[in-house]
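Summary of structural features
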Amino acid sequence: MPMPAWSAPPADWAKVPVHTVKLFYPGQASYDWVRSPAHRRADKRVKAGEPCMSCHEGEEDELGKTIVKGGRLEPTPIAGKVGSIDLKVQAAHDAKNLYLRFEWKTQMDRAGQMHDYMLYDGEKWAFVGGPRSKDKVRTGAEPPLYEDRLAIMIDDGKIPLFKHQGCWLSCHNGMRDMPDEATKAQVQAHALLGGALKQTDVRKYLPNTRTAEMAGWDKTKPAEEIAKLKAAGEFVDLMQWRGARSNPVGMADDGYVLEYRLFDAGKGPFSWNVDRKTMTPKFMFDASKVGLKAITMDDIGSAAKPHAIIREENAVAYDPKAGWKKGDVLPGRILSRADASGSAADNADAWGTWKDGTWTLLWTRKLDTGHPEDDKILKAGGVYTVGFAVHDDNVTTRFHHVSFPLTLSVGAGGTIPAVTVP
Ligand code: HEC
């Protein structure tokens, strides 16, 4: 696929400094936990706004190694997981764009680019596999199948504590896979989250959207007040590059965190490829283009076989009479770069390649996306707080590796100064 015309990343990345960022496994160390007496003698200082790094600088490997094994912060460890990941980050910018290059080693011996696959059992289609945290995957009844991801959170100072405590402002008890996880019924009964937002679980949110510093997930401010916070830019930008759901079309998604983890306005790169009424796929592979209408479980990881259905490239409408055989597999998601639009389609230049156990990801982000209502607008000379996360080896939710907050500048200063290129 050709690079968009506006993209001009550095001609020689070897000339751009490499910053190694330590990502560690946080388990259930939530906003609530770091403010609780269990965080011995640190709770009051965290509440007062002290940066995590003032006590934990250089401790990432140690923290990750301890937590990932299981214990008070990880009740359901995943065997064999590493405690930390070295994320290599390079940054450059010109008058229009921020250019990021990432490199990290994966634990799996293939690219994590399969997600929500559907398997035909001879009579019907059903989802197959899932993240390693899922019960049926833990017992071996289903295979681990989940995409790799790299996420970036950005704040421009509108959330003052983010600079010091980063992602820990967004991670709370009550969320999916966290302590005191809200039930589906509880969320559905909640006027704002279940009613207006039509959600069935709790995801990331910022404390400014709740009625008090330590109020629970359900103590939301009125919708009008949250709308005012959004208009004032009091959200953080959250963008995720996804191995299965965005990378095959050279994109990353675009979202933000405020009262929930929400997508920007418009249409992102992925949609469901499943008709929920009939539980059949909506599209299949176009055999005239890729030589097959479906893949099999054995094809997973094969570079010779397609792994994503792309509307404008290799898809045709699903034909129920195409002679489906037991063992046929189709992606349960349909991707499209052509159909992506609006603010949700801002990250239209994010290309990852996996080789010999390493992802290399080149990501261009417009400094000014033109969508200040749900993006952070970056300016030459600006210094921003960023947090990075990697979901590696078939995991979702808390089973990722995260960074303490760092600063990225467009020009000079901060932990990661983006080099100015012509
Ligand atoms: C005032 C110093 C201080 C600050 C600030 C602080 N911590 Fe801690 N933290 C500690 C100490 C001391 C321990 C070890 C307590 C223990 O072993 O029980 C600890 C333990 C932890 C642990 C548990 C490690 C384990 O082995 O179980 C995590 C996770 C953690 N801190 C995360 C954070 C995060 C995230 C922040 C910022 C939001 C933060 N800390 C801010 C002092 C601090």
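Residues numbered from 1 in each chain as written. Predicted model: local features only at pLDDT ≥ 70, side-chain atom pairs only at ≥ 80, totals over all residues. Heavy atoms only, no water.

Under an unreviewed UniProt entry, the name given to the protein is Cytochrome c-552/DMSO reductase-like haem-binding domain-containing protein, and the source organism is Denitromonas iodatirespirans.

The strand order across the open sheet built from 3 strands is E10-E17-E14, with neighbouring strands paired in mixed fashion. The two strands at the open ends of the sheet, each matched to only one other strand, are strand E10 (270-272) and strand E14 (309-310). Two strands pair when backbone bridges link them, and E10 and strand E17 (residues 333-335) are joined in this way by 3 bridges, in the antiparallel orientation. Each bridged residue has a counterpart across the sheet, and for Phe270 the counterpart in E17 is Leu335. (Pairing = 2+ DSSP bridges. Helix = DSSP H or I, 4+ residues; strand = E, 2+ residues; numbered from the N terminus.)

Glancing now at the site of the ligand. Around the ligand lies a shell of 21 residues, among which His39, Arg40, Cys52, Cys55 and His56 are the nearest. His39 has a polar side-chain atom sitting 2.7 Å from a nitrogen atom of the ligand. A distance of 3.1 Å is found between an oxygen atom of the ligand and a side-chain nitrogen or oxygen belonging to Arg72. Where the shell around the ligand is concerned, the elements lending two or more residues are helix H1 (31-34), helix H2 (43-47), helix H3 (53-56) and helix H4 (60-68). (Near = heavy atom within 4 Å. Polar contact = N/O pair within 3.5 Å; in protein donor to acceptor, adjacent residues only side chain to side chain.)

Before going further, it helps to examine the UniProt feature "domain: Cytochrome c-552/DMSO reductase-like haem-binding" (unreviewed entry) in the protein. Sites flagged by UniProt as "domain: Cytochrome c-552/DMSO reductase-like haem-binding" (unreviewed entry) map to residues 10-403. Within the segment residues 10-403, helix and strand shares are 14% and 25% respectively, and the terminal C-alpha atoms sit 26 Å apart. (UniProt positions renumbered as here; feature names shortened; annotations may be inferred.)

Aromatic ring pairs are reported here in terms of the distance separating the ring centres and the angle at which the planes meet. Counted by the stated rule, this structure contains 14 aromatic pairs. Their ring planes at 35 degrees and their centres at 5.3 Å tell us that Trp168 and Phe404 sit as a pair that is tilted. Placement of the pair is Trp168 in the loop between helix H6 (162-165) and helix H7 (184-188) and Phe404 in the loop between strand E21 (401-402) and strand E22 (406-410), with a sequence separation of 236 residues. Overall, Phe404 belongs to the buried group, its relative accessible area being 4%. Taking the centre distance of 6.1 Å and the plane angle of 80 degrees together, the rings of Phe263 and Phe270 count as edge-to-face. By relative accessible area, Phe263 is classed as partly exposed at 45%. Phe270 sits in the buried class, given a relative accessible area of 15%. The structure contains a cluster of three or more aromatic residues connected by ring pairs, namely Tyr120, Trp125, Tyr318 and Trp324. Between the NZ or CZ atom of Arg245 and the centre of the ring of Phe270, over which it lies, the distance is 5.0 Å. Its guanidinium or amino end placed over the ring of Trp272, Arg333 lies 3.5 Å from that ring's centre, counting from NZ or CZ. (Phe/Tyr/Trp six-rings, centres within 6.5 Å; stacked < 30°, edge-to-face > 60°. Buried < 20%, exposed > 50% of the residue type's maximum accessible area, 1.4 Å probe, protein only. Lys NZ or Arg CZ within 6 Å of the ring centre and 35° of its normal.)

With that settled, consider the sheet that holds strand E16 (residues 329-331). As summarised here, the arrangement of the 3 strands in space is E5-E4-E16, forming an open sheet in which the pairing is antiparallel. The outermost strands of the open sheet, each flanked by one partner alone, are strand E5 (125-128) and E16. Within this sheet the neighbouring strands show an average axis-to-axis angle of 35 degrees, counted without direction. Across 4 bridges, the pairing between strand E4 (residues 117-120) and E5 is antiparallel. Residue pairing in the sheet places Tyr120 in a bridge with Trp125 of E5. (Axes fitted to C-alpha atoms, helices over the stretch in contact; angles between N-to-C directions.)

Okay, unusual backbone geometry next. You will see that Asp180, though not glycine, has its phi angle at about 55 degrees, which is positive. Tracing the backbone shows Asp180 in the loop between H6 and H7. Take Asp180: its relative accessible area is 64%, and that puts it in the exposed class. Even without being glycine, Met279 reaches a positive phi, approximately 50 degrees. Turning to its location among the elements, Met279 is positioned in the loop between strand E11 (274-275) and strand E12 (280-281).

Let's shift gears to the domain arrangement of the protein. Annotation of the protein at the domain level lists domain 1 (15-113 + 148-269 + 337-420) and domain 2 (114-145 + 277-311 + 322-333). The centre of domain 1, based on its C-alpha atoms, is set 29 Å off from the matching centre of domain 2. Contacts between the two partners involve 19 residues from domain 1, matched on the other side by 16 residues from domain 2. Together domain 1 and domain 2 conceal approximately 1500 Å² of surface at their shared face, both sides included; 55% is due to carbon and sulfur atoms. Taken as a group, Gln113, Arg245 and Asn394 account for 39% of the area that domain 1 buries against domain 2, more than any other trio of residues on that side. The residue Arg311 makes a salt bridge to Asp339 at a minimum N-O spacing of 2.5 Å. Where domain 1 packs against domain 2, one counts 8 residue pairs in polar contact (both at pLDDT 80 or more). Residues of the side of domain 1 that touches domain 2, tallied by class, amount to 9 nonpolar, 5 polar and 5 charged. (Domains from an automatic or database assignment. Contact = heavy atoms within 4.5 Å. Buried area = accessible area lost by both parts, 1.4 Å probe. Salt bridge = Lys/Arg side-chain N within 4 Å of Asp/Glu carboxyl O. Nonpolar A, V, L, I, M, F, W, Y, C, P; charged D, E, K, R; others polar.)

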